[in-house]
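# Understanding the architecture of this molecule
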Amino acid sequence: NSGDRVPALVIGSGYGGAVTALRLTQAGIDTHVVEMGRSWDTPGADGKIFCGMLNPDKRSTWLSTSTDQPVSNFMGFGINKSVDKYVGVLDSEKFSGIKVYQGRGVGGGSLANGGMAVTPKRAWFEEILPSVDSNEMYNTFFPRANATLGVNTIDQTWFESTPWYQFARTGRKTAQRSGFATTFVPNVYDFEYMKKEAAGQVTKSGLGGEVIYGNNAGKKSLDKTYLAQASATGKLTITTLHRVTKVAPAAGAGYDVTMEQIDEQGNVVATKTVTADKVFFAAGSVGTSKLLVAMKAQGILPNLSGEVGEGWGNNGNIMVGRANHMWDATGKDQATIPTMGIDNWSDPAAPIFAEIAPLPAGLETYVSLYLAITKNPERARFQFNSGTGKVDLSWAQSQNQKGIDMAKAVFDKINQKEGTIYRTDLFGVVKTWGDHFTYHPLGGCVLNKATDNYGRLNGYPGLYVMDGALVPGNTGVNPFVTITALAERNIDKIIATDMH
Ligand code: FAD
């Protein structure tokens, strides 16, 4: 309620926010999380909480009248659908040169993502975050993150025989025939549940075409792990459908946090201000960076570092599809949960880590789809636009060229060996490379640059950054394990030294 005073306020309930909430509440601190999305705990008229990918409705999409699927086309047809405007789970936030997909709701990205839980390569982690003690990370905080997230691996015997992963086996075979290494990838989707789905014993989710608009079962999203544990302490309050718009020093001590309450169609129905002793920014790379850049430019937090807004990257994301021969089918039945990757990261000529992605269309497509994380060194910045009052992101689509070249080196070789071609009908009417969007926004408030070495915002005691904004642009693998473990490390230090 307006006028309240709270000890700790967390903006956002994704990975950074959920870790912060759990560790603060376990330390006995009353913690208030403010989340602009809804809580995904109540079924709709069809008895389901989330809608599937092949029959999306308003629950799919954040405040838009149309879905905006990453694979937007198929054989010359656009496959997006009209939906009612609603606070749906997947947002595609549009900047001039890139679209950024993000999850919305209690659990943030964990609601919409593919669950791939990958610990980054140690040498690369040490290169991007040299100020972080990597022994501590790899001995304590990565294991802690993986355990609390509920990461598991697929039963490899089952993987080899199930029709649901034929697409991954075909992707592996074609990569290996060209000399590329492949690797199994851990996930937070419960693979034992998936086996029961395949056996017809439980309701299908990962085998039922559900993932980017939410999974009705199987996936251990943050609301089932970190946030459920935090809630069990009795010290957690989550306020949904509230969007933080301003954080300003309060008279006396602490910070005034202004927020807009929205209804399920996104209309602002109230504006409130509460005062917090400590404020943890966990609105995601984009959300946190936008808030801080605006606060600095508007003179509300003028002493923030000039590094705020800098160092943003798309984790090198490039998507592409190949057309296999008819004797290399990918299967009409496909699990939505990826579990295999091509690991070519150590090859300086083509450094990529590519997820072999499903394309669960319900029919045989012969397509091998990949989400490549390339070692693209390009970065961009967030800047306040005084004309529009909004924050722009400087990323230009041409900055993807280096990433495309790296991915092309790998997939050209596979195509050459197999005598196959790219699919040009998946990302537009004729467009090979899915380079106009990212799933993996990182940076904008980089650790030990825009903040101190633990996420404290310089010049403003009691303000912290806890999310993907801390990670400098590219972590070489799917990012949520990195974000979670870094948040575990930082909150450990902050509770020990700042919270008394
Ligand atoms: P987020 O998880 O984005 O959480 C931020 C939260 O803050 C959101 O809930 C948002 O609604 C809320 N918020 C934002 N602004 C405000 C505000 N002003 N006021 C109140 N609340 C606010 N990563 C992997 O590692 N493996 C994968 O398999 C994978 N697959 C993906 C698939 C898809 C479709 C997408 C979209 C992402 C995927 N990712 C994956 C990326 C991963 O989900 C993100 O890296 C991760 O969620 C980022 O965590 P975060 O804590 O930085 O922010």
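Every chain's residues receive numbers from 1 upward, in the order its sequence appears when written. Since the coordinates come from a predicted model, pLDDT governs what is reported: local features require at least 70, and pairs of side-chain atoms require 80 or more to be given and counted, while whole-chain, interface and lining totals use all residues. The side-chain quantities take in all heavy atoms of the structure and omit both hydrogens and water.

Our next topic: the overall build of the protein. Numbering of helices and strands runs from the N terminus, with a helix taken as a DSSP run of H or I at least four residues long and a strand as a DSSP run of E at least two residues long. A count of helices and strands for the protein gives ten helices and 20 strands. The C-alpha atoms of the protein give a radius of gyration of 22 Å, which matches the 23 Å a tight globule of 500 residues would have. Overall, the C-alpha framework of the protein stretches about 70 × 50 × 45 Å when taken along its three principal axes. Within the span of the protein, comprising 500 residues, buried residues form 60% of the whole. Note on definitions: a residue-residue contact is assigned when non-hydrogen atoms from the two residues lie within 4.5 Å. Expressed as a percentage of contacts within the protein between residues at least 6 apart in sequence, the contacts between residues at least 24 apart total 72%. Areas reported here follow the Shrake-Rupley algorithm with a probe of radius 1.4 Å; residue values treat only the protein chains shown as occluding. Split by element, the accessible area of the protein, about 18100 Å² in all, is 50% carbon and sulfur. By the counting rule applied here, Lys and Arg register as positive and Asp and Glu as negative, while His and the ends of each chain are not counted. Taken as the charge centre is NZ of Lys, CZ of Arg, CG of Asp or CD of Glu, depending on the residue. For the protein, the distance from the average position of its 47 positive side-chain charges to the average position of its 46 negative side-chain charges is 2 Å. Radius of gyration: over C-alpha atoms. The globule rule applied is 2.2 Å multiplied by the number of residues raised to the 0.38 power. Buried residues are those whose accessible area, probed at 1.4 Å on protein chains only, stays under 20% of the maximum for their type, while exposed residues exceed 50% and partly exposed ones sit between those limits.

All right, on to the pattern of salt bridges then. For this analysis, a salt bridge means a side-chain nitrogen from Lys or Arg found within 4 Å of a carboxyl oxygen belonging to Asp or Glu. Following the criterion strictly, the structure yields 28 salt bridges and no others. The partner of aspartate 68 in a salt bridge is lysine 94, with the nearest N and O atoms 3.4 Å apart. Here lysine 94 lies in strand β5 (residues 90-94) and aspartate 68 lies in the loop between β2 (31-34) and β3 (73-74), a separation of 26 residues in the sequence. A residue is classified by how much of its surface remains accessible, and lysine 94, at 57% relative accessible area, is exposed. Two residues, aspartate 91 and arginine 104, come together in a salt bridge whose shortest N-O distance is 3.0 Å. Placement of aspartate 91 in strand β5 and of arginine 104 in the loop between β6 (99-103) and α2 (122-128) is noted, with a sequence separation of 13 residues between them. Arginine 104 matches aspartate 91 in its accessibility class, with the two residues each being buried. Residues joined in a network through salt bridges with shared partners are Asp91, Glu93, Arg104 and Lys290.

Among the structural elements, arginine 322 can be located in strand β12 (residues 317-323). Of the polar contacts made by the side chain of arginine 322, one reaches the side chain of asparagine 324; its length is 3.2 Å. Polar contact is defined as a pair of N or O atoms within 3.5 Å, subject to the rule that within protein one atom must be able to donate a hydrogen and the other to accept it, and that residues adjacent in sequence are counted only when both atoms are side-chain atoms. Among the polar contacts made by the side chain of arginine 322, one reaches the side chain of threonine 420 at a distance of 3.1 Å.

Okay, the side chain of glutamate 418 next. Within the secondary structure, glutamate 418 is located in helix α9 (residues 401-418). Classification of glutamate 418 by relative accessible area gives buried; the value is 12%. One polar contact links glutamate 418 to arginine 177, side chain to side chain, over a distance of 2.8 Å. Setting aside chain neighbours within four positions, we find glutamate 418 in contact with Thr174, Arg177, Arg322, His325 and Asp328.

Our next topic: the nonpolar core. Ranked by size, the top nonpolar core spans 93 residues in total, and within it Leu9, Val279, Phe280 and Phe281 carry the most contacts. With near-sequence residues (within four places) excluded, valine 279 lies in contact with Leu9, Ile11, Val247, Tyr255, Val257, Gly462, Leu463 and Tyr464. The term nonpolar core refers to a set of buried residues drawn from Ala, Val, Leu, Ile, Met, Phe, Trp, Tyr and Cys, joined through side-chain atoms within 4.5 Å. One finds Met53, Val87, Tyr370 and Phe411 within the second-largest nonpolar core, a separate group that totals 63 residues.

Below, the discussion takes up the sheet that holds β6. Only strands joined by at least two bridges in the DSSP assignment are considered to pair. Ordered in space as β5-β6-β19, the three strands form an open sheet in which the pairing is mixed. Looking at which strands have only one partner, the edges of the open sheet turn out to be β5 and β19 (437-438). Bridge count between β6 and β19: two bridges; the pairing is parallel. When the sheet's bridge partners are listed, lysine 99 is paired in β19 with phenylalanine 437.

One heavy atom within 4 Å of a molecule or strand is enough for the residue carrying it to be called near that molecule or strand. By nearness alone, 36 residues border the ligand, and Glu35, Gly109, Met116, Gly468 and Phe480 come closest of all. Between the ligand and glycine 16 there is a distance of 3.0 Å, counted from an oxygen atom to a backbone nitrogen or oxygen. Surface burial for the ligand is 95%, taken as the share of its 1000 Å² of free accessible area covered by protein chains. Looking at the shell around the ligand, the elements that each hand over two or more residues are α1 (15-26), β6, β9 (242-249) and α10 (480-498). Here the term charged refers only to Asp, Glu, Lys and Arg, the term nonpolar to Ala, Val, Leu, Ile, Met, Phe, Trp, Tyr, Cys and Pro, and the term polar to all other amino acids, Gly among them. The class makeup of the residues in the shell around the ligand is 15 nonpolar, 17 polar and four charged.

On to the sheet that holds strand β15 (residues 367-374), then. The pairing of strands in a sheet happens through backbone hydrogen bonds and is either parallel or antiparallel. Overall, antiparallel pairing links the six strands, which are arranged β7-β13-β14-β15-β12-β18 in an open sheet. Strands at the two margins of the open sheet, each flanked by one partner only, are β7 (182-184) and β18 (421-422). Inspection of the sheet shows strand β14 (residues 352-357) paired to β15 by six bridges, in the antiparallel sense. Bridge pairing in β15 places isoleucine 356 opposite tyrosine 370. Its contacts with the sheet place helix α5 (residues 166-177) against β7, β12, β13 (340-343), β14 and β15, and it is angled at close to 145° to β14. Axis lines are fitted through C-alpha atoms, for helices just across the contact stretch, and the angle between N-to-C directions can take any value from 0 to 180 degrees.

This brings us to the packing of α1 against α10. The geometry of α1 relative to α10 is characterised by a closest axis approach of 9 Å and an angle of 35° between their N-to-C directions. Considering the relative orientation of α1 and α10, their crossing is right-handed. Contacts from Tyr15, Gly16, Val19, Thr20, Arg23 and Leu24 in α1 reach Phe480, Ile483, Thr484, Ala487, Glu488, Ile491 and Ile495 in α10. Class assignment of the residues belonging to the contact of α1 with α10 gives a composition of eight nonpolar, three polar and two charged. For any pair of crossing helices, the crossing counts as left-handed if the nearer helix is rotated counterclockwise from the farther one by less than a right angle, and right-handed if it is rotated clockwise.

On their own, these measurements won't tell you what the molecule is for.
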